[in-house]
Amino acid sequence: MPEAKSNADALLKSVMDNKTPESYSPGLEGVVAAKSKLCSIDGAAGKLYYMGYPIEEVVNGSATYEEVAYLFWHGRLPNVKELEAFKDEFSKLRTLPQQVMDFIKLLPHTCHPMDALRTIVSLLAAFDHNPERSPEANLNRAIALTVRFPTIVAAFHRLRQNQTPVEPDPKLSHAANFLYMLFGEKPDDTTAKVMDVAMVLHLDHEMNASTFSSLVTASTLSDMYSAISAGVGTLKGPLHGGANEAVLKMLLEIGDPARVETYVDDALAKKKKIMGFGHRMYKAYDPRARLLKEYARRASEKTKASRLFQITERIEEVMIQKKGKQGIFPNVDLYSGIIYHQMGIPTDIFTPIFAIARVAGWTAHVLEYWQENRLFRPNALYIGPAARKFPPLAQR
Ligand code: CMC
């Protein structure tokens, strides 16, 4: 307590002296807000690790989304038997309560799928009748939420097109089942694999804005549903997960590799951000973008999306030339959209796919944070008027 008071006094004095306290960091840049064993980033080298495993090895070692989610929730990789049992448990939880499906039907068809997802996550709290708040009960909530994200997104998408939602298929993997529920047709192995890789690459990313937002909510000892709906809402913004949707719109607007340089020059002159570039952590090429680029290249070779790929490669070239010195390079959102687009997925489902993948990361961080919970409550730097007399209404 005395220490807190002296911190507050020091802060007030520095404000009164018109000095910015050294601890003030806009956007909390460089602030270490929590300890975590889950994920680490070497931003200068462009490296990402899931519990110490380099992301390239995780992807090239063919780890599935279920396997990596297990790693995040249990702190170690499963063996063959454990993975089979886990996949079995995972696939059985996919169906939503009928009342929840009925509620999804009530949502306006014009609602953004991220708004639909955030709303339904919130609604699921009302159908959780277990008063238990133990780590085991919360792990079960984490698993059930993760399993159900694809069901929510696919059901909303089909209903808004006046189509019947597709029952989940317990024999399919998490990624394949999502595509099946979205389109009503089982994907081929290659398409399912590419979706699985995209989900693995988006599963976690240390203290990103949406994870932090989930943790802030969790730190008040609110509940898992509140924490995760906060994460969904935060991910939606175009500076975060919403960038993948914005990238595809930009590619379609540019329309031709020959127009890229003019587009970039115009945007930079107007101080506009080029979506899919730059990162708070990476001052080098985002390793997830490097991996996704190869999948996008392969997918585009076979389809009409090759022009979009050419435009993206050209933007990359131009941006690295103009902005690389400032540490601005492609991020994860640059190439993911082309992959989803060539699968026939509508643009407004791109950010929900990010959420479908990231929910395992959000929940793992919340479970970890609750082990040594402390309320998040930073300070604000007061820049308003000094203390003054309050004038009664009649005197104003
Ligand atoms: N295009 C052009 N200039 C940029 C970009 C960009 N994409 N990103 C950063 N800059 C410039 C920015 O204008 C500023 O320049 P100056 O110092 O001359 O004013 C400088 O770089 C620092 O930018 P900032 O926005 O203060 O840096 P930040 O650490 O807050 O930015 C970012 C991180 C992701 C918000 C930003 O790079 C951005 O807005 N990128 C575009 C949106 C995007 O692709 N977001 C997805 C991020 S990766 C997925 C995820 O995890 O969310």
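On a predicted model such as this, the values are computed, not experimentally measured, just so you know.

**Examining the pattern of salt bridges**
At step 1: Applying the stated criterion across every chain, the model contains 22 salt bridges.
At step 2: In this structure, Glu 372 engages Lys 35 in a salt bridge whose closest nitrogen and oxygen atoms are separated by 3.4 Å. Here the residue Glu 372 occupies a position in the segment after helix H17 (350–371), and Lys 35 occupies one in the loop between helix H1 (2–16) and strand E1 (39–42), the gap between them amounting to 337 residues. Each member of the pair, Glu 372 as well as Lys 35, carries the same accessibility label: exposed.
At step 3: With its nearest N and O atoms 3.0 Å apart, the salt bridge here joins Lys 249 to Glu 245.

**A few points about the packing of helix H3 (residues 65–74) against H17**
At step 1: In contact at an axis separation of 9 Å, H3 and H17 are set at 15° when each is read in the N-to-C sense. If you check the angle between H3 and H17, you find them roughly parallel. Regarding H3 and H17, the two cross each other, and that crossing is right-handed. Here Tyr 65, Ala 69, Phe 72 and Trp 73 of H3 come into contact with H17, specifically with Ile 356, Ala 357, Val 359, Ala 360, Thr 363, Ala 364 and Leu 367.
At step 2: By residue class, the composition of the contact of H3 with H17 is 10 nonpolar, one polar and no charged.

**Digging into the site of the ligand**
At step 1: Around the ligand, the structure places 20 residues, and the nearest of them are His 240, Lys 273, Ile 274, Phe 277 and Arg 280.
At step 2: Here Leu 239 contributes a backbone N or O atom positioned 3.0 Å from a nitrogen atom of the ligand.
At step 3: The backbone of Gly 276 places a nitrogen or oxygen atom 2.8 Å from an oxygen atom of the ligand.
At step 4: When the ligand is considered free in solution it has 930 Å² of accessible area, and contact with the protein chains removes 71% of it.
At step 5: With respect to the detected pockets, the ligand is housed in the largest pocket.
At step 6: Among the residues forming the shell around the ligand, the class breakdown is 10 nonpolar, seven polar and three charged.

**Observations regarding the packing of helix H10 (residues 209–219) against helix H11 (residues 224–235)**
At step 1: It is at 8 Å that the axes of H10 and H11 come closest, and there the two elements cross at 150°. If you check the angle between H10 and H11, you find them roughly antiparallel. Relative to H11, H10 is oriented so that their crossing is right-handed. Residues Ala 209, Ser 210, Ser 213, Ser 214, Thr 217 and Ala 218 of H10 lie in contact with H11, whose contacting residues are Ser 226, Ala 227, Ile 228, Ala 230, Gly 231, Thr 234 and Leu 235.
At step 2: Across the contact of H10 with H11, the residue classes break down as six nonpolar, seven polar and no charged.

**Structural notes on the environment of Phe 277**
At step 1: Of note, Phe 277 is situated in the loop between helix H13 (260–269) and helix H14 (287–301).
At step 2: Sequence separation between Phe 277 and Asp 333 is 56 residues, and the spatial gap between their C-alpha atoms is 8.0 Å.
At step 3: Here Phe 277 is in contact with Ile 315, Glu 316, Met 319, Ile 328, Phe 329, Pro 330, Asn 331 and Leu 334, once residues within four sequence places are set aside.

Criteria and cut-off values
- Residues numbered from 1 in each chain as written.
- Predicted model: local features only at pLDDT ≥ 70, side-chain atom pairs only at ≥ 80, totals over all residues.
- Heavy atoms only, no water.
- Salt bridge = Lys/Arg side-chain N within 4 Å of Asp/Glu carboxyl O.
- Helix = DSSP H or I, 4+ residues; strand = E, 2+ residues; numbered from the N terminus.
- Buried < 20%, exposed > 50% of the residue type's maximum accessible area, 1.4 Å probe, protein only.
- Axes fitted to C-alpha atoms, helices over the stretch in contact; angles between N-to-C directions.
- Parallel < 35°, antiparallel > 145°, perpendicular 65-115°, else oblique.
- Left-handed = near helix turned anticlockwise from the far one by under 90°.
- Contact = heavy atoms within 4.5 Å.
- Nonpolar A, V, L, I, M, F, W, Y, C, P; charged D, E, K, R; others polar.
- Near = heavy atom within 4 Å.
- Polar contact = N/O pair within 3.5 Å; in protein donor to acceptor, adjacent residues only side chain to side chain.
- Areas by Shrake-Rupley, 256 points an atom, 1.4 Å probe, with all protein chains shown as cover.
- 1 Å grid on protein atoms, 1.4 Å probe; cavity = no way out; pocket = protein on both sides within 12 Å on 5 of 7 lines; lining within 4 Å.
- Sits in = over half its atoms within 2 Å of the grid points.

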